[in-house]
Amino acid sequence: MSRTVRPGPGHPLVEYWDDERALGNGIIVTLRPGLFFYDDCGVMGFDTSAEARAAIKAIADKTRKAAKPR
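Residues numbered from 1 in each chain as written. Predicted model: local features only at pLDDT ≥ 70, side-chain atom pairs only at ≥ 80, totals over all residues. Heavy atoms only, no water.

A. Summary view of the packing of aromatic side chains. This structure, assessed with the given rule, holds 1 aromatic pair. Look at Phe-37 and Phe-46: their rings are 5.7 Å apart centre to centre, the planes differ by 65 degrees, and that puts the pair in the edge-to-face class. Phe-46 matches Phe-37 in its accessibility class, with the two residues each being buried. (Phe/Tyr/Trp six-rings, centres within 6.5 Å; stacked < 30°, edge-to-face > 60°. Buried < 20%, exposed > 50% of the residue type's maximum accessible area, 1.4 Å probe, protein only.)

Structure below.
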């Protein structure tokens with residue numbers, strides 16, 4: 001059985017993952033240089049790890065599609 005990589009703190013597209021929920025904040029995700037959640041924003045906050053992981057997965061999927069030759 002193969003394991004899939006779950007987007008998160010150790011994901012290759014993530015530069016920094018700061019879980020500040022214990023302080024009453026959210027999870028702050030910083031993508032590696034050149035990657036963006038939207039427009040030119042490479043940093044985004046999330047309320048849950050599921051939301052953060054879904055956003056990182058969307059970026060990974062978009063990056064994978066852009067890299068495929070047509």
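B. Fine view of the nonpolar core. Judged by nonpolar contacts, the single largest core of 14 residues is most densely connected at Trp-17, Val-29, Leu-31, Phe-37 and Phe-46. Of all the secondary-structure elements, those providing two or more residues to this core are strand S1 (14-19), strand S2 (27-31) and helix H1 (49-67). Looking at this core, the element that brings in the most residues is H1, giving 5 residues. If sequence neighbours within four positions are ignored, Trp-17 has contacts with Gly-8, Pro-9, Ile-27, Ile-28, Val-29, Ser-49, Ala-52, Arg-53 and Ile-56. (Core = buried A, V, L, I, M, F, W, Y, C linked by side-chain atoms within 4.5 Å. Helix = DSSP H or I, 4+ residues; strand = E, 2+ residues; numbered from the N terminus. Contact = heavy atoms within 4.5 Å.)

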